[in-house]
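# Secondary and tertiary structure notes
Chain by chain, the residues:
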Amino acid sequence: MHILVLNGPNLNMLGTREPEHYGTQTLGDLEYMLRQEAAQMGITVTCYQSNHEGSLVDQIQAAYHTADGILINPAAYTHTSVAILDAVKAVKLPTVEVHISDPDTREEFRKISYIRQACIATVKGKGFAGYIEGLHILYDHITAAQGQ
Ligand code: CA2
């Protein structure tokens, strides 16, 4: 099983600012943790971060041929991007939306998520642990689907 992990704009700055929302660990720490967890689960992950909407769309489209599922934190594009929603709908891969903070408890504009309607689950407000939870949700979903 192979999972594509996507992180959107500004998440490359993790560990440098806004620790009250995003903690003190870096994107490298997050990706290392996910690779370790994946190895324990007997699966593989590819991790990718971009500040550009089109690059994220390109990665989702490429996943159609290479991945069994997608774990994505679209960051600010959560609240704006029909393009990322359409890409996830187009590839029809099981997708989990993850957020480090809980956007529903922050500013009003963060309560809208375009991608949510195309996702099998959303994990929010659990820090980096939410990514691990999301990985397991995908694993269980894909394993169950393969058994059908
Ligand atoms: O809580 C999350 O994971 C978010 O997706 C993070 C986005 C925000 O726009 C969403 O509403 C919720 C922002 C990511 C910015 O990341 C930074 C990390 C460190 C320093 C500054 C920004």
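This text follows the structure it describes.
A brief look at the structure comes next. (Residues numbered from 1 in each chain as written. Predicted model: local features only at pLDDT ≥ 70, side-chain atom pairs only at ≥ 80, totals over all residues. Heavy atoms only, no water.)

Quick look at the side chain of Asn7 now. Turning to its location among the elements, Asn7 is positioned in strand 1 (residues 2-7). We classify Asn7 as buried; its relative accessible area is 1%. (Helix = DSSP H or I, 4+ residues; strand = E, 2+ residues; numbered from the N terminus. Buried < 20%, exposed > 50% of the residue type's maximum accessible area, 1.4 Å probe, protein only.)

Turning next to the site of the ligand. The full set close to the ligand counts 16 residues, and Asn73, His79, His99, Ile100 and Ser101 are the nearest of them. Here an oxygen atom of the ligand and a side-chain polar atom of His79 are 2.7 Å apart. Here Ile100 contributes a backbone N or O atom positioned 2.7 Å from an oxygen atom of the ligand. Protein contact buries 95% of the 510 Å² of open area that the ligand shows by itself. (Near = heavy atom within 4 Å. Polar contact = N/O pair within 3.5 Å; in protein donor to acceptor, adjacent residues only side chain to side chain. Areas by Shrake-Rupley, 256 points an atom, 1.4 Å probe, with all protein chains shown as cover.)

Another aspect to go through is the side chain of Arg106. As for its placement among the helices and strands, Arg106 is situated in the loop between strand 4 (95-99) and strand 5 (121-124). Look at Arg106 and you get buried, because its relative accessible area is 18%. Within polar-contact distance, the side chain of Arg106 engages the side chain of His21 at 3.4 Å. Look past the residues within four positions of Arg106 in its chain and what remains in contact with it is Glu18, His21, Tyr22, Ser101 and Lys111. (Contact = heavy atoms within 4.5 Å.)

Read across the open sheet, the five strands follow the order 2-1-3-4-5; overall the sheet is parallel. Sheet topology places strand 2 (44-49) and strand 5 at the edges, where each strand pairs with a single neighbour. The sheet shows a mean angle of 20° between the axes of neighbouring strands, direction not considered. Judged from the six bridges that link them, strand 1 and strand 2 form a sheet pairing that is parallel. From the neighbouring strand, Ile3 faces strand 2, where its bridge partner is Val45. Running over the sheet, helix 2 (residues 27-41) touches strand 1, strand 2 and strand 3 (69-73) and is turned about 165° from strand 2. (Pairing = 2+ DSSP bridges. Axes fitted to C-alpha atoms, helices over the stretch in contact; angles between N-to-C directions.)

For the rest of this paragraph, the subject is the state of the cysteines. Applying the stated rule across the entire model yields zero disulfides. Cys47 carries a free sulfur, and the closest cysteine sulfur to it, the one in Cys119, is 17 Å from it. Looking at Cys119, the relative accessible area reads 14%, which means it is buried. (Disulfide = S-S within 2.5 Å.)

What follows concerns the pairing of strand 5. Burial along strand 5 is one-sided: Ala121 and Val123 are buried, while Thr122 and Lys124, pointing the other way, are not. In the sheet, strand 4 pairs with strand 5 via four bridges, with the strands oriented parallel. Looking across to strand 5, one finds that Glu97 is bridged to Thr122.

Now for unusual backbone geometry. Unusually for a residue other than glycine, Asn10 sits at a positive phi of about 75°. Mapped onto the secondary structure, Asn10 falls in the loop between strand 1 and helix 1 (19-22). Backbone geometry places Ala75, a non-glycine residue, at a positive phi of 55°. By secondary structure assignment, the location of Ala75 is in the loop between strand 3 and helix 4 (82-91).

So, about the packing of helix 2 against helix 5 (residues 129-146). Helix 5 packs onto helix 2 with a crossing angle of 35° between their chain directions and a minimal axis gap of 10 Å. The crossing of helix 2 and helix 5 is right-handed. On helix 5, the residues touching Leu30, Met33, Leu34, Glu37, Ala38 and Met41 of helix 2 are Tyr131, Ile132, Leu135, His136 and Tyr139. The class makeup of the residues in the contact of helix 2 with helix 5 is nine nonpolar, one polar and one charged. (Left-handed = near helix turned anticlockwise from the far one by under 90°. Nonpolar A, V, L, I, M, F, W, Y, C, P; charged D, E, K, R; others polar.)

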